[in-house]
Each structure stands twice: as C-alpha cells, then as structure tokens.
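# Residue-level structure breakdown
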Amino acid sequence: MSMQKRENVVPSFTPLIKQFAAFVFVSSISAVCSLIVRYVANLVMPYEVAVGLAQVAGVIIAFTLNRRFVFSGEQVLTYARIWRFTLVNVVSLAIAVTVSSLAFRIVLPNLGVSFHPDVLAQLVGLAACALPSFLGHKYFSFRAAGVR
C-alpha cells in the first residue's frame, strides 16, 4: 500500500477512535457508580445478584451519559431506541455477570488473589463487555433513523 493511500485510510478511523474514547470515559463513570452500588448491595445479597443490580444502575447512568455526550447525533428518544438500548444491555449484563462470577468464584481464587477479589472480578466483567457494548450501541441502539 502506498504512503498516500495509507494516509487516506488512517484518518477515517479518527472519529471512531474519539467516539470509543468518549464511550470508555462515560463507561468509566457508570462503572464507578456500578462498583458503589455493588458494594452496598453485596452487604445484603449474594454477589451475583448484587452485580446484576449494579449493572442495572450502571445502565441507567450509561444511557443518560451516552445519549448526551457520545451518541448525540440523533436526540429523538423513541421506544425503539430504549428497547434497542435495553437489548444491548441485556447481552452486556449476561457477559458482565458471567465473567465476574467466573473470575470471583474460580479464576481469582485459583490465582491466589486475596486483595479485593470482588472488586477486581467486577472490573474484569465490566471490561469484558466494553467493546461489545460500544459496537451494539453505535450500530444498533443509537444508530441514526433510517440507517440499517
């Protein structure tokens, strides 16, 4: 590939990279909120239930922040958009709870991790669903009207 062609290809990814960086930043805010909810909920309920509840709280925060700051091109709030956002997050919930639980119950104990394994496992679960969530929201939840 010639140098001129390479220069034309690389800049086309720049807006996507910036949008993904904004998504990660917003997701980090919702992840901190999710960690706090999970910690408090885990005082009165099993780990997996607390992670699920925390994920729901994080989703509500993420929707609000993503709609405002990341995927702001189309601001019309429709039931279809809410439904699509919820569907993507159901998949994310399954990924987060499964990965968190496996890390908390199997992987981290077998690695001998004893320093806050609950927090570490939840962070691993949240990280595991970052890219699938971004792609789902970009191309499904927040896609522009009429785009298929």
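First, a word on what this report is: a plain description of the structure on this page. (Residues numbered from 1 in each chain as written. Predicted model: local features only at pLDDT ≥ 70, side-chain atom pairs only at ≥ 80, totals over all residues. Heavy atoms only, no water.)

Our focus in this paragraph is the nonpolar core. Counting residues in each nonpolar core, the largest one holds ten residues, listed as Phe-23, Val-26, Val-59, Phe-63, Leu-65, Val-70, Phe-71, Phe-85, Phe-134 and Phe-142. Mapped onto this core, the elements with two or more residues apiece are α1 (3-41) and α2 (47-70). Among the elements that make up this core, the one with the highest residue count is α2 (four residues). Counting residues in hydrophobic clusters, the runner-up holds five residues, among them Tyr-47, Val-51, Leu-108 and Ala-121. (Core = buried A, V, L, I, M, F, W, Y, C linked by side-chain atoms within 4.5 Å. Buried < 20%, exposed > 50% of the residue type's maximum accessible area, 1.4 Å probe, protein only. Helix = DSSP H or I, 4+ residues; strand = E, 2+ residues; numbered from the N terminus.)

Running from N to C, helix α3 (residues 79-111) and helix α5 (residues 130-141) point in directions that differ by 165°, and their axes come no closer than 10 Å. The angle between α3 and α5 falls in the class roughly antiparallel. Classified by chirality, the crossing of α5 by α3 is right-handed. Between α3, through Arg-81, Arg-84, Phe-85, Leu-87, Val-88, Asn-89, Ser-92 and Ile-95, and α5, the contact on the second element is made entirely by Pro-132, Ser-133, Gly-136, His-137, Phe-140 and Ser-141. The class makeup of the residues in the contact of α3 with α5 is six nonpolar, six polar and two charged. (Axes fitted to C-alpha atoms, helices over the stretch in contact; angles between N-to-C directions. Parallel < 35°, antiparallel > 145°, perpendicular 65-115°, else oblique. Left-handed = near helix turned anticlockwise from the far one by under 90°. Contact = heavy atoms within 4.5 Å. Nonpolar A, V, L, I, M, F, W, Y, C, P; charged D, E, K, R; others polar.)

What follows deals with α3. With 33 residues, α3 extends 45 Å from end C-alpha to end C-alpha; this agrees with the ideal 48 Å at 1.5 Å per step. Where α3 bends most, at Ala-103, the angle is about 45°. Taken together, the buried positions of α3 are Arg-81, Arg-84, Phe-85, Val-88, Asn-89, Ser-92, Ala-96, Ser-100, Ser-101, Ala-103 and Leu-108. Those residues of α3 hidden inside the fold are in contact with α2, α4 (117-128) and α5. (Expected span 1.5 Å × (residues − 1). Bend = angle between axes of the 7 residues up to and from the residue.)

The next subject is the pattern of salt bridges. Applying the stated criterion across every chain, the model contains two salt bridges. Asp-118 serves as the salt-bridge partner of Arg-38, at 3.2 Å between the closest nitrogen and oxygen. Here the residue Arg-38 occupies a position in helix α1, and Asp-118 occupies one in helix α4, the gap between them amounting to 80 residues. In this pair, the class of Arg-38 matches that of Asp-118, namely buried. (Salt bridge = Lys/Arg side-chain N within 4 Å of Asp/Glu carboxyl O.)

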